[in-house]
Amino acid sequence: MINAKANVLVKVGLTLSLVGASGMVCASSSASQAAAVAAALQPGNGTALAAGLLTTTGVSTSALIGSTVGGIAGGAGGGSFGSFAALPVGVTRLALPGQGGTGASAAPGGKAFNAWFVASQNKISYDYAPLQSSGKVNVGIVGFDYTFNNKVVAGLAIAGDKTDVDLTFAGGKLRGKGTTYSPYVGIPLNKNWTADASVGWGKTTVDTDVAGITGRMEDKRQTGNVGLTYRQLAGDKWMLTGRGAYLTVRDKLGAYTLSNGTFVTDGTVRVEQLRFGGQAAYNAGSFIPYIGLNYIYDIKAPNQAGAANDRDAFQGVLGVRFSAASGLYGGIQYSSELDRSQVKNNQILLNVGARF
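Residues numbered from 1 in each chain as written. Predicted model: local features only at pLDDT ≥ 70, side-chain atom pairs only at ≥ 80, totals over all residues. Heavy atoms only, no water.

**Q** What's the story with the environment of L189 in this structure? I'm lost.
**A** With respect to the element layout, L189 can be found in the loop between β4 (172–188) and β5 (193–210). In sequence terms L189 and V152 are 37 residues apart; their C-alpha atoms lie 9.7 Å from each other. Among residues more than four places away in sequence, those in contact with L189 are T194, A195 and L228. (Helix = DSSP H or I, 4+ residues; strand = E, 2+ residues; numbered from the N terminus. Contact = heavy atoms within 4.5 Å.)

**Q** Just to check I follow, could you spell out unusual backbone geometry for this structure?
**A** What is expected of a backbone is that most residues other than glycine have negative phi and most peptide bonds are trans. Of note, A211 is a non-glycine position whose phi angle comes to about 55°, a positive value. Tracing the backbone shows A211 in the loop between β5 and β6 (213–234). Since its relative accessible area comes to 52%, A211 is described here as exposed. (Buried < 20%, exposed > 50% of the residue type's maximum accessible area, 1.4 Å probe, protein only.)

**Q** Please explain the side chain of D219 as it appears in this structure.
**A** Among the structural elements, D219 can be located in strand β6. A distance of 3.2 Å separates polar atoms of two side chains, one belonging to D219 and the other to R221. (Polar contact = N/O pair within 3.5 Å; in protein donor to acceptor, adjacent residues only side chain to side chain.)

**Q** Help me understand a nonpolar patch on the surface, please; the structure alone is not making it clear to me.
**A** A contiguous nonpolar surface patch, about 480 Å² in accessible area, is contributed by F113, F144, Y146, F148 and F356. Looking at which element gives the most residues to the nonpolar patch, the answer is strand β2 (residues 133–148), with three residues. Take F356: it is sitting in the segment after β14 (343–355). (Patch = residues over 30% accessible without salt bridge, like charges linked within 9 Å, V, L, I, M, F, W, Y side chains within 5 Å. Areas by Shrake-Rupley, 256 points an atom, 1.4 Å probe, with all protein chains shown as cover. Salt bridge = Lys/Arg side-chain N within 4 Å of Asp/Glu carboxyl O.)

**Q** Got a minute to help me understand the pairing of β4 in this structure?
**A** Along any regular strand the residues' side chains alternate between the sheet's two faces. Alignment of strand β3 (residues 152–167) against β4, held across 15 bridges, turns out to be antiparallel. Along β4, the bridge assignment pairs L167 with G172. Where β3 folds back on β4, the antiparallel hairpin that results is connected by four residues, among which G171 adopts a positive phi of roughly 70°. Relative to β5, β4 is paired through 14 bridges, and the arrangement is antiparallel. When the bridges of β5 are listed, G186 appears paired with D196. Hairpin remark: β4 followed by β5, antiparallel, with four residues in the connecting loop. (Pairing = 2+ DSSP bridges.)

**Q** So what exactly am I meant to see when it comes to the pattern of salt bridges here?
**A** A side chain of one charge can pair with a side chain of the opposite charge if their charged atoms are brought near each other. Per the stated rule, a full pass over the model turns up 11 salt bridges. Among the salt bridges present, the one from D166 reaches K173, with a minimum N-O distance of 3.1 Å. Taken together, the shared-partner salt bridges connect D161, D219, R221 and D251 into one network.

**Q** Looking at this model, I keep getting lost on the pairing of strand β1 (residues 113–126). Mind explaining?
**A** In this sheet, β2 lies alongside β1 in antiparallel orientation, the contact comprising 14 bridges. Counterpart to Q121 in the pairing with β2 is N138. Across 13 bridges, β1 lies against β14 in antiparallel orientation. Looking across to β14, one finds that N114 is bridged to R355.

**Q** Any chance you could explain the packing of aromatic side chains here in plain terms?
**A** For any pair of aromatic rings, the description rests on two quantities: the centre-to-centre distance and the angle between the ring planes. All chains considered together, the criterion is met by nine aromatic pairs. By way of ring pairs, the aromatic residues F113, F144, Y146, F148 and F356 are connected into one cluster. In this structure, R321 packs its charged tip against the face of Y290, placed 3.9 Å from the ring centre. (Phe/Tyr/Trp six-rings, centres within 6.5 Å; stacked < 30°, edge-to-face > 60°. Lys NZ or Arg CZ within 6 Å of the ring centre and 35° of its normal.)

**Q** Mind showing me how you'd approach the sheet that holds β1 here?
**A** Hydrogen bonding along the main chain pairs the strands of a sheet, whether they run parallel or antiparallel. Pairing is antiparallel around the closed barrel formed by 12 strands, whose spatial order is β1-β2-β3-β4-β5-β6-β7-β10-β11-β12-β13-β14. Taken over all neighbouring pairs, the strand axes of this sheet differ in orientation by 15° on average, direction set aside. When strand β7 (residues 238–253) meets strand β10 (residues 267–282), the two strands line up antiparallel, connected through 16 bridges. Within β10, the residue paired with K252 across the bridge is T268. (Axes fitted to C-alpha atoms, helices over the stretch in contact; angles between N-to-C directions.)

**Q** Before we go on, may I ask you to explain a positive patch on the surface in this structure?
**A** On the surface, K123, K136, K162 and K177 cluster together into a patch of positive charge. Here K177 is to be found in strand β4. (Lys, Arg positive; Asp, Glu negative; His and termini not counted. Charge placed at Lys NZ, Arg CZ, Asp CG, Glu CD.)

**Q** It is not clear to me how the nonpolar core should be interpreted in this structure. Could you clarify?
**A** Across soluble globular proteins, nonpolar side chains have a tendency to be buried as a group. Ranked by internal contacts, the top residues of the largest apolar core, which has 43 residues, are W116 and I141. Ranked by residue count, the leading element in this core is helix α4 (residues 55–73), at seven residues. (Core = buried A, V, L, I, M, F, W, Y, C linked by side-chain atoms within 4.5 Å.)

**Q** Where do I start with the environment of Q342 in this structure?
**A** With respect to the helices and strands, Q342 occurs in the loop between β13 (328–337) and β14. It is 5.1 Å that separates the C-alpha atoms of Q342 and D127, two residues lying 215 residues apart in sequence.

**Q** What am I meant to see in α4 here?
**A** Working note: α-helix, 3.6 residues per turn, so residues spaced by three or four point in the same direction. In a regular helix each residue adds 1.5 Å, so 19 residues correspond to 27 Å; α4 covers 27 Å between its end C-alpha atoms and thus fits that length. Where burial is concerned, most of α4 is hidden: 19 out of the 19 residues are buried. (Expected span 1.5 Å × (residues − 1).)

What follows is the structure, given as structure tokens:
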């Protein structure tokens, strides 16, 4: 979510507006202004800019892994918590030791191995003038886990990210590409409650191009996510679920030199969030349509002077999951943040997995 930019960007934007209106800037002054803009638009020169354009990737990755692991450990299928999808016909709750030998994360037939894939695209935009930006963040995650002693699920997720943003207020571009490795664990506490945790380490290479001045930096990322998922059947056809989670993302931005010789110092950006959500799913057989609502609160995030800097948002969710007797499962989901006044963040997500 692009909810902040650096204070220096406002000053640069206002300066450019005045310069354009006067029409009295010589070629050397224009070159100097271009250099100033290029320097100002570097993530290393503005923690708020980095939070809006780069930390979004880490937040999306961490949240996806957390909800997926919560679903896997609860016997619900990857990619969406609280589903009938992974449960065989006639089973109305996850199995625990002493209840027939069916693994919690591998409910159908007690299959202990599980592999899954999640692909998502976030379309983002920031409408605060004069700092308008828009683009997309693509994340693909491959995960593999095993259920130990019919209870604890442990695995590894590998995420690839690609950021493509147009800095429309300055005619610039920002591109990023990287990888994050996240070991995770999920523990079913009883038939209703499941705990999960994951940590991640990775890096993203970031390229900027503003007014012909280019730069390249390396962003080293650390993520953390802990969550608790609740699931409860309501009759034979409905399942109600809830999830609460805390996540943190820390980006360490390396120092680098622009193509015009300007040095950009290193920096650190941190975002922390609380997330609470609920879903209602209907058992239509092989397909499970569902609807949900999440609440997101930013405990910590850089601010942009003069902008709305909304600290919280609601997120609407709509999707459908499927399952097969063979252990194959998956689904598709659309979500949208509803009430950040200057921010748009819409996501389409596809997941598929198999137990074996």
